[in-house]
Amino acid sequence: MDLFKNTLVLKIAAFAFISVTFFYFGKHWSDGYQQLIFFSGPRETVAISPNNDKLFNITALISHSKTESLTDNTLSQQNQNEGQTQSQPALLPSPVSNRNFGIIDSDGKMSDDFEVGEFDPALVETWGNKTEIDSENKDSRVRVKRFELCPESMREYIPCMDNVDAIKKLKSTERGEKFERHCPEQGKRLNCLVPPPKGYRPPIPWPRSRDEVWYSNVPHARLVEDKGGQNWISKKKDKFNFPGGGTQFIHGADKYLDQIVEMVPEIAFGSHTRVVLDVGCGVASFGAYLLSRNVITMSIAPKDVHENQIQFALERGVPAMVAAFATHRLPYPSQAFELIHCSRCRINWTRDDGILLLEVNRMLRAGGYFAWAAQPVYKHEQVLEEQWEEMLDLTTRLCWKLVKKEGYIAIWQKPVDNSCYLSRDAGTKPPLCDPDDDPDNVWYVDLKACITQLPENGYGANTAKWPARLHTPPDRLQSIQIDGYIARNELFKAELKYWHETIEGYVRAWHWRKLKQRNVLDMRAGFGGFAAAFVDQQLNSWVMNVVPVSGPNTLPVIYDRGLIGVMHDWCEPFDTYPRTYDFLHAAGLFSIEKKRCNMSTIMLEMDRILRPGGQVYILDSLDVMDELQELGKAMGWQVTLRDTSEGPNASYRILTCNKHLLRH
């Protein structure tokens, strides 16, 4: 028995010694995968995944129930332990040398030899008639045919705005129905790559782009012909110039903004007033000049006779969307804007019992202001004076107070509570909306000719001043319908901390301050923590926060923080022109939306709105990465699969992509 025990002890000791020896040699001399190190350590790296360019049958390896969503499950798990808010470590690049393929090399760093105005030759690719993509994995279960370039006639194509067949079938267009969304049916959706115009160049960086853009990027001179005399826009050689004027402020937006503040000092741009809606924005000079006052403006206009005005705005680096006041609610929440501005926006606010001004009232924050610069304000012709009286009558019934009328401008203020609404005479029109009407339900919802009551608890009215509101959990956070087992405030703080540390890591290790990421789109924004981190890092960017219809409606929280965003269904096209965003971010999006539509639908839309030379970061579960890599290659993107700081055994990855300039 003693001999047997001694032999067993010797075997265990020998096995332990051999294990330690192999571990030591593997750690120090292996040529394989590098270890992942937290960003706070001395070696700040995240290596390219050993699974990069490899494709697997993922469903056999990972259960769907174990995949993690960055902004939901991950954050919930981090905070379930005694309410503590611990964040994921930041994702950082590999120190290994990779080949350069454009403005941004494969480490995510800025190329030193890049000159604004010219594309790096490595970023330009001739896209022939070849139908198969090159792949190192011939036995892959996921194969995607190479997408062709669309015809040149589609270079400005907005699928839901340019659906001619659907517009022809409309029973009426008198209320602006043709300017609303009419998306292509299944089988008629975009299945090609929208080409850039001939001579397309890397956009001029902000802040220079506020004042000038390349003619070749938006080769449309009609606005110069129609609005040149109003100081909107002019053309000099190979550039468009923007003097900063508008129809009602031909002497410049800055003087116009000064006049508004002098009229109503309480507007206090950059403090009390942080988020603004500019209706019928033209080339968005109003919003462009508000940026220097710490105000972010959602500039909107329809794709009408001046169809490229939103394209000019985005090319300038100013937040903007194609949208119209017509028959549906706009895709923004209630109490979103501290100021709504209309300068010669050509909207009949009093038609149909004031239904359009009631939509303004829905979106205007309690105590917010409506500024109207139009001919009825200052001209004394009989027809215009009648329009002014109609406007006065309607705004009085809406309980708005005319605060100031001076020169071209009239400014009203919305009440701060419901007391005036409830004290109106019986039968006064417009009536109050039904109590069960949700003012934040906006996706394909018809306009309603009723007054949206303000919450009795004051939610939405009591936001902190900027910039404190960016980090303050707003009251309306408590009304968001989410499946959560931890306090909403803790979830809010956890998301904020996670993205703050992650973006801080990107800035330090990938030199994001050198990147020309002006127009940024967060495709699944949550509470807006990603955008808040951009503000905290003082990056020269603005972020459009998209809240998908497939998840909880967090849009009110985003606006209460002083950010902008929009409701959207990613199974449908987005309302913007091609080539209008520099950076697209999608965290946990595809693993959710793949249950509702093909991932190729979303990826093709991303390619349409992304500028050549732009970047995409997709953070998602491992089981979607095979198809996403192949789709990216089929669109001509340079794709790199990276591990997060949790290492190669984690259930999700980050896919970084660069879009090339494709030519016939």
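Below: a short report on this structure. (Residues numbered from 1 in each chain as written. Predicted model: local features only at pLDDT ≥ 70, side-chain atom pairs only at ≥ 80, totals over all residues. Heavy atoms only, no water.)

## Description of the overall build of the protein
Working step 1: Broken down by element type, the protein carries 17 helices and 19 strands.
Working step 2: With 664 residues in all, the protein has 58% of them scored as buried.
Working step 3: For the protein, restricting intrachain contacts to residue pairs at least 6 apart in sequence, the fraction spanning at least 24 positions comes to 70%. (Helix = DSSP H or I, 4+ residues; strand = E, 2+ residues; numbered from the N terminus. Buried < 20%, exposed > 50% of the residue type's maximum accessible area, 1.4 Å probe, protein only. Contact = heavy atoms within 4.5 Å.)

## Digging into the state of the cysteines
Working step 1: Summed over all chains, the structure comprises 6 disulfides.
Working step 2: Paired by a disulfide, cysteine 160 and cysteine 183 hold their sulfur atoms 2.0 Å apart. Looking down the S-S bond of the cysteine 160 and cysteine 183 bridge, the torsion is 105°, so its handedness is right-handed. Of the two residues, cysteine 160 is situated in the loop between β1 (124–126) and α3 (164–168) and cysteine 183 in the loop between α3 and β2 (212–214); the sequence distance between them amounts to 23 residues.
Working step 3: Paired by a disulfide, cysteine 571 and cysteine 597 hold their sulfur atoms 2.2 Å apart. Residues cysteine 571 and cysteine 597 are joined through a disulfide that is left-handed, its torsion about the S-S bond being -80°. Here cysteine 571 is found in the loop between β14 (564–568) and β15 (581–587), whereas its partner cysteine 597 is found in the loop between α15 (590–593) and α16 (599–609), with 26 residues between them in sequence. With respect to burial, cysteine 571 and cysteine 597 carry one shared label: buried.
Working step 4: Counting only the cysteines that take part in disulfides, in the order they occur along the protein, gives the pairing 1-4, 2-3, 5-6, 7-8, 9-10, 11-12. (Disulfide = S-S within 2.5 Å.)

## Points about the packing of aromatic side chains
Working step 1: Taken as a whole, this structure holds 30 aromatic pairs when the rule is applied.
Working step 2: When the ring of phenylalanine 530 is compared with that of phenylalanine 534, the centres are 4.9 Å apart and the planes differ by 50°; the resulting orientation is tilted. With phenylalanine 530 and phenylalanine 534 both in helix α13 (residues 529–536) and 4 residues apart, this pair spans about one turn of that helix. Across the pair, phenylalanine 534 and phenylalanine 530 agree in class, each one buried.
Working step 3: Three or more aromatic residues joined by ring pairs form one cluster here, namely Tyr498, Trp499, Tyr506, Trp510, Trp512, Phe530, Phe534, Phe583 and Tyr617. (Phe/Tyr/Trp six-rings, centres within 6.5 Å; stacked < 30°, edge-to-face > 60°.)

## Comments concerning a negative patch on the surface
Working step 1: Together, Glu381, Glu385, Glu386, Glu389 and Glu390 give the surface a local cluster of negative charge.
Working step 2: Inspection of the secondary structure assignment puts glutamate 381 in the loop between α9 (375–378) and α10 (382–397). (Patch = residues over 30% accessible without salt bridge, like charges linked within 9 Å, V, L, I, M, F, W, Y side chains within 5 Å. Areas by Shrake-Rupley, 256 points an atom, 1.4 Å probe, with all protein chains shown as cover. Salt bridge = Lys/Arg side-chain N within 4 Å of Asp/Glu carboxyl O. Lys, Arg positive; Asp, Glu negative; His and termini not counted. Charge placed at Lys NZ, Arg CZ, Asp CG, Glu CD.)

## Here's the deal with the packing of helix α12 (residues 488–509) against α13
Working step 1: Where α12 meets α13, the closest approach of the two axes is 8 Å, and the angle between their N-to-C directions is 50°. Taken together, the axes of α12 and α13 lie oblique to each other. In this structure, the crossing between α12 and α13 has a hand that is right-handed. For the pair α12 and α13, the contacting residues are Glu495, Leu496, Trp499, His500 and Ile503 in the first and Gly529, Phe530, Ala532, Ala533, Phe534 and Asp536 in the second.
Working step 2: When its residues are assigned to classes, the contact of α12 with α13 shows 7 nonpolar, 2 polar and 2 charged. (Axes fitted to C-alpha atoms, helices over the stretch in contact; angles between N-to-C directions. Parallel < 35°, antiparallel > 145°, perpendicular 65-115°, else oblique. Left-handed = near helix turned anticlockwise from the far one by under 90°. Nonpolar A, V, L, I, M, F, W, Y, C, P; charged D, E, K, R; others polar.)

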